[in-house]
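Working through the structure, step by step
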Amino acid sequence: MAEMHADRRARAQQKIAESGADAALITAPANVRYLSGLVSSNAAMLLPADGGGVLATDSRYAEAAERDCPDIEIAAERDIEAALAQLAAARGVQTLAFEAQEMTVERHAALAALAGAPKLISLGHVVESLRMVKDEAEIALLARACAITAEAFAEIVGEIVPGRTERDLAVLLERAMIDLGAEAPAFATIVASGPNGAIPHHSPGRRAFEAGDLVTVDCGARYGGYHADMTRTVALGPPAAWQREIYELVAAAQLAGIAAATPGADIGDVDAAARDMISAAGHGDHFGHGLGHGVGLEVHEAPLMGRGRTGRLMDRVPVTIEPGVYLPGTGGVRIEDTLVVRAGVSGADPGQAGPAEILTTTTKELLVL
């Protein structure tokens, strides 16, 4: 593991050097974990463009840092950012890059006010861009998170019965994920029934399921720090014609989005593959969010796929594909999978785009309960 994190730091250092900075102050928790392996609620890293880095954390995590990060200098400090900025100045750092997307204005002002503080410049999303492409160890952790999610969903789907509330089901599902080995839910589970299904991020409440409902369940397990994300919509009783119509539309659009998610694909084109199909069916105004997003040490990370987004997919990038149709006051459907973009298939020519590796394996046939 130490070798893996050292390799990640070396790649980050190359980017830091290219930015013109002498060193970078890494403060985003997921980025600190990615570069060091330390899980901590109070940690930061001083990473020079060349040479060894320093990982700062407080006394609560110092012993864990010594154990989990044997190849990096550890500084036990409470005010970790000020300590690292002062250390940078003492070591001759003239220009210090910082993660502007994560640092607050107040924290930045405190660093800039330190006596002898280096010049501060924005690093940009350097570490996040490195995190987009996963190694096979990361993909294995993500696959396990997705397997737990599928197992838990299979355990509780039969509990979607008239009279049970959305909140009851969310609690049952999160408990099942923990019992199956998840560290925690990857995010707060969404259960949206009947008219609440028209609210993409509805918070499960006291509404009881009723015969004739569509019920959307958006859930995921976190395992080894990696976040699964899956959504399924089920019917409580025989679906009405309008329910089946929008379900089949969303299912077809989702398959189109998955098929478009290949290495080198333009992110906007992947979004359009699904969105254009929904728009052509007259539901363009009923699909307002992006088609998907990256997953990993955060449940929402780069790349973000939606209208106006730029960039291209690469090999070994896990993303979600999650189109939906939401009819205000009536109900909705969303179907979401976590998948890994892959560059080729076994036996294919090198570099040939192959099918995405789908990690969420729960059936996408409309379940009628």
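Residues numbered from 1 in each chain as written. Predicted model: local features only at pLDDT ≥ 70, side-chain atom pairs only at ≥ 80, totals over all residues. Heavy atoms only, no water.

Looking at the pattern of salt bridges
Considering all chains together, one arrives at 27 salt bridges under this definition. As a salt-bridge pair, Asp 68 and Arg 67 come within 2.7 Å of each other at their nearest N and O atoms. A residue is classified by how much of its surface remains accessible, and Asp 68, at 33% relative accessible area, is partly exposed. Linking Glu 81 and Arg 107 is a salt bridge whose minimum nitrogen-to-oxygen distance equals 2.5 Å. Taken together, the positions of Glu 81 in helix α4 (residues 80-90) and Arg 107 in helix α5 (residues 105-112) put the pair 26 residues apart, joining distant regions of the chain. By relative accessible area, which is 23% here, Arg 107 ends up partly exposed. (Salt bridge = Lys/Arg side-chain N within 4 Å of Asp/Glu carboxyl O. Buried < 20%, exposed > 50% of the residue type's maximum accessible area, 1.4 Å probe, protein only. Helix = DSSP H or I, 4+ residues; strand = E, 2+ residues; numbered from the N terminus.)

Concerning the sheet that holds strand β12 (residues 230-235)
Taken in spatial order, the three strands of this open sheet run β8-β9-β12, and their pairing is antiparallel. A strand with exactly one partner marks an edge of an open sheet, and here the two such strands are β8 (190-193) and β12. Neighbouring strand axes in the sheet, compared pairwise and without regard to direction, differ in orientation by 10° on average. When β8 meets strand β9 (residues 214-219), the two strands line up antiparallel, connected through four bridges. Across the sheet, Ala 192 pairs through a bridge with Thr 216, a residue of β9. (Pairing = 2+ DSSP bridges. Axes fitted to C-alpha atoms, helices over the stretch in contact; angles between N-to-C directions.)

Quick look at the sheet that holds strand β5 (residues 95-98)
Strand order in the open sheet made by the six strands is β4-β3-β2-β1-β5-β6, with mixed pairing throughout. What marks the edges here is a single partner per strand, and that holds for β4 (73-76) and β6 (119-122). Across the sheet, the mean angle from the axis of one strand to that of its neighbour is 25°, orientation sign disregarded. In this sheet, strand β2 (residues 43-48) lies alongside strand β1 (residues 23-26) in antiparallel orientation, the contact comprising four bridges.

Considering the packing of helix α9 (residues 241-260) against helix α10 (residues 267-280)
Closest axis-to-axis distance for the α9/α10 pair is 7 Å, and the angle between their directions is 160°. Between α9 and α10, the crossing angle belongs to the class labelled roughly antiparallel. The hand of the α9/α10 crossing is right-handed. Along the contact surface, α9 presents Leu 249, Ala 252, Ala 253, Ala 256, Gly 257 and Ala 260, while α10 presents Val 270, Ala 273, Ala 274, Met 277 and Ile 278. Looking at the contact of α9 with α10 residue by residue, the classes come out as ten nonpolar, one polar and no charged. (Parallel < 35°, antiparallel > 145°, perpendicular 65-115°, else oblique. Left-handed = near helix turned anticlockwise from the far one by under 90°. Contact = heavy atoms within 4.5 Å. Nonpolar A, V, L, I, M, F, W, Y, C, P; charged D, E, K, R; others polar.)

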